[in-house]
Amino acid sequence: MSEPLPSIVVNLSAVIIALTDEQPRVLMVGVPDAAVDDTDAGRVLEALPTGPLDAAGDRTLDLALRRWVRASAGLELGYVEQLYTFGDRYRDPRESAGGVRVVTAAYLALVRESQPPGDLTTSWRSVYRCLPWEDWREGRPRVIDETIAPALNHWIESASGLVQRRQRKVRAGVAFGFEESPWDGERVLNRYEILYELGLVKEAVRDGRTPAVDESLPSEVAGLEMAADHRRILATAVGRIRAKIRYRPVVFELMGETFTLLQLQRAVEALAGVRLHKQNFRRLVEQGGLVERTGQRDHLTGGRPAEVFRFRREVLLERPAPGGGLPRAPPGTKPPPPPPPPPPNKNGAGGRRFCEGGGVTPPDGRFDKHPGPERTSGGPGGRGRDGG
């Protein structure tokens, strides 16, 4: 007699990104905390819009996503791409109490922000409210040097031996740009997973992990707690966008029909989390044939009227990768010094970019040679273990 098939539910989650007032924002819904215990009964967490797949009625996952986003959020999605499939055991807390295993196919959608329908549980939130260490537009975030770096240093020095200590030092340096490693804006998921592993975000403590450091980050530093592993999904999406704008003109999905070059630059900066060199940006955009003049001028800029442009869609047919090339590191920055060393441990002793500041960005994969199995960051893009 054959054993019964395991119970699995397939959900679809949408990371819906818009740009408003130079802030990347993500659509959120309020959901009850799915934690097994009742210590916080009635607590509501922010979550990505998520709905079940109708196996009998939905012909494709893409159409299913568009259907329920239209029905639940009143949004007609334009640009949509599949992001990743998340299926780790117990990623939904209810599975620990005997519930079914939940597998989520996550999608990235880019839209122009609109007012959600009269449902008070739906709202737009700043992406950097969830991932505050990712916004470098006003300089290196203080939270990295004041809070995250000391916590990482404590974690490195608490390793069980020299090999593990070296593994942790490499992981931390590559993710957060310490020592010889430059800041890589695309490694959003790597950074979040390290903070989760250290117990520095509330999701880790909520999931029952023992913090690897003495205390968690304060809420204003650790960012907005989200349901299940939805902040991990969001981190994956932000890394995907930052990689994509280097070779595809997806930023125009977030722009109006017409815009000034400064408005376009500010939009790219908002997604990349860094400031860009104005003249280099304009030269590469125009020389790359990404935009065309409309013959109009914007007189509301507060100074000299700015020329108005539109996206030149013919560029999609002219070459396969019509992106602009963005910096992984903020312009003109150098890797920060490493955290100050604590007492000895008892276990043993390329190409053109929009930015100025020079330097050649190392090719993809240079920092992927992490020794040993301890490295857990990864997922989309094949940079680590199965993202689950």
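Each value, and the rule that gives it
- Residues numbered from 1 in each chain as written.
- Predicted model: local features only at pLDDT ≥ 70, side-chain atom pairs only at ≥ 80, totals over all residues.
- Heavy atoms only, no water.
- Helix = DSSP H or I, 4+ residues; strand = E, 2+ residues; numbered from the N terminus.
- Buried < 20%, exposed > 50% of the residue type's maximum accessible area, 1.4 Å probe, protein only.
- Areas by Shrake-Rupley, 256 points an atom, 1.4 Å probe, with all protein chains shown as cover.
- Core = buried A, V, L, I, M, F, W, Y, C linked by side-chain atoms within 4.5 Å.
- Contact = heavy atoms within 4.5 Å.
- Salt bridge = Lys/Arg side-chain N within 4 Å of Asp/Glu carboxyl O.
- Axes fitted to C-alpha atoms, helices over the stretch in contact; angles between N-to-C directions.
- Parallel < 35°, antiparallel > 145°, perpendicular 65-115°, else oblique.
- Phe/Tyr/Trp six-rings, centres within 6.5 Å; stacked < 30°, edge-to-face > 60°.
- Polar contact = N/O pair within 3.5 Å; in protein donor to acceptor, adjacent residues only side chain to side chain.
- pLDDT = per-residue confidence, 0-100.
- Pairing = 2+ DSSP bridges.
- Nonpolar A, V, L, I, M, F, W, Y, C, P; charged D, E, K, R; others polar.

It is worth spelling out the overall build of the chain at this point. Helix and strand counts for the chain come out as 11 helices and 10 strands. Burial analysis of the chain (388 residues in total) assigns 50% to the buried set. Carbon and sulfur atoms make up 51% of the accessible area of the chain, which totals about 19,200 Å².

It is worth spelling out unusual backbone geometry at this point. In this structure, Glu22 is a non-glycine residue whose phi angle is positive, near 65°. Unusually for a residue other than glycine, Tyr90 sits at a positive phi of about 65°. Among the secondary structure elements, Tyr90 is positioned in the loop between strand S5 (79-86) and strand S6 (101-110). Relative accessible area serves as the criterion here: at 45%, Tyr90 is assigned to the partly exposed category.

Bringing the nonpolar core into the picture now. Val15, Leu131 and Leu264 are the most contacted members of the largest nonpolar core, which has 72 residues in total. Considering each element in turn, this core owes the most residues, 8 residues, to helix H3 (residues 142-157). Among the nonpolar cores identified, the runner-up in size contains 18 residues, and Ala73, Tyr107, Ala109 and Val111 belong to it.

It is worth spelling out the side chain of Thr260 at this point. Looking at where Thr260 falls in the secondary structure, it is placed in strand S8 (residues 259-260). Residues within four places of Thr260 in sequence aside, it is in contact with Asp298, Ala306 and Glu307.

Evaluation of the coordinates by the stated rule reveals 30 salt bridges. The partner of Arg242 in a salt bridge is Glu134, with the nearest N and O atoms 2.9 Å apart. One end of the pair, Arg242, is in helix H8 (residues 230-244); the other, Glu134, is in the loop between helix H2 (127-130) and H3, and 108 residues separate them in sequence. On the basis of relative accessibility, which here comes to 4%, the residue Arg242 falls in the buried class. One salt bridge in this structure joins Glu269 and Arg275, with 2.7 Å as the shortest N-O distance. Among the residues examined, Glu269 registers a relative accessible area of 0% and is labelled buried. Judged by its relative accessible area of 26%, Arg275 falls in the partly exposed class. Taken together, the shared-partner salt bridges connect Arg43, Arg206, Asp207 and Glu225 into one network.

Moving on, we get to the packing of helix H9 (residues 261-272) against helix H10 (residues 278-287). Direction vectors running N to C along H9 and H10 enclose 105°, while the axes themselves pass 11 Å from each other. Classed by the angle they form, the pair H9 and H10 counts as roughly perpendicular. Contacts between H9 and H10 pair Leu261, Leu262, Leu264, Gln265 and Val268 from the former with Lys278, Phe281, Arg282, Val285 and Glu286 from the latter.

With that settled, the discussion passes to the packing of aromatic side chains. For the structure shown, the criterion picks out 6 aromatic pairs. Relative to Phe178, the ring of Phe176 lies with its centre 6.3 Å away and its plane at 20°, an arrangement referred to as stacked. With respect to burial, Phe176 and Phe178 carry one shared label: buried. When the ring of Tyr192 is compared with that of Tyr196, the centres are 6.4 Å apart and the planes differ by 40°; the resulting orientation is tilted.

The subject of this paragraph is the environment of Arg137. Mapped onto the secondary structure, Arg137 falls in the loop between H2 and H3. Sequence separation between Arg137 and Arg275 is 138 residues; the distance between their C-alpha atoms is 5.2 Å. Apart from the residues within four sequence positions on either side, Arg137 is in contact with Glu22, Gln23, Tyr128, Glu269, Ala270, Gly273, Val274 and Arg275. Side-chain polar atoms of Arg137 contact the side chain of Asp135, separated by 2.9 Å.

Moving on to the confidence of the model for the chain. Taken as a whole, the chain shows an average pLDDT of 79; of its residues, 74% reach a score of 70 or greater. H8 holds the highest mean pLDDT among the elements of the chain, 97, whereas helix H7 (residues 219-222) holds the lowest, 63. Within the model, the stretch residues 342-388 combines pLDDT values under 50 with 120 contacts to residues more than four positions away or in other chains.

The strand order across the open sheet built from 3 strands is S8-S10-S9, with neighbouring strands paired in antiparallel fashion. Two strands bound the open sheet, and with one partner strand each, they are S8 and strand S9 (291-298).

Walk down a regular strand and you will see the side chains alternate between the two sheet faces. Pairing analysis gives 4 bridges linking strand S1 (residues 8-20) to strand S2 (residues 23-32), with the strands arranged antiparallel. Paired with Ile17 across the bridge in S2 is Val26. The antiparallel pairing of S1 with S2 creates a hairpin that spans 2 residues between the two strands, and Asp21 there sits at a positive phi of about 50°. Bridging between S2 and strand S3 (residues 44-47) involves 4 bridges; their strand directions are antiparallel. When the sheet's bridge partners are listed, Val29 is paired in S3 with Ala47.

How two helices pack is summed up by the angle between their axes together with the distance between the axes. Here helix H5 (residues 188-197) crosses H8 at 155°, and the two axes come no closer than 7 Å. With respect to each other, H5 and H8 are oriented roughly antiparallel. For the pair H5 and H8, the contacting residues are Val188, Leu189, Arg191, Tyr192 and Glu193 in the first and Arg231, Arg232, Ala235, Thr236, Val238, Gly239 and Arg242 in the second. Of the residues belonging to the contact of H5 with H8, the class tally is 5 nonpolar, 2 polar and 5 charged.

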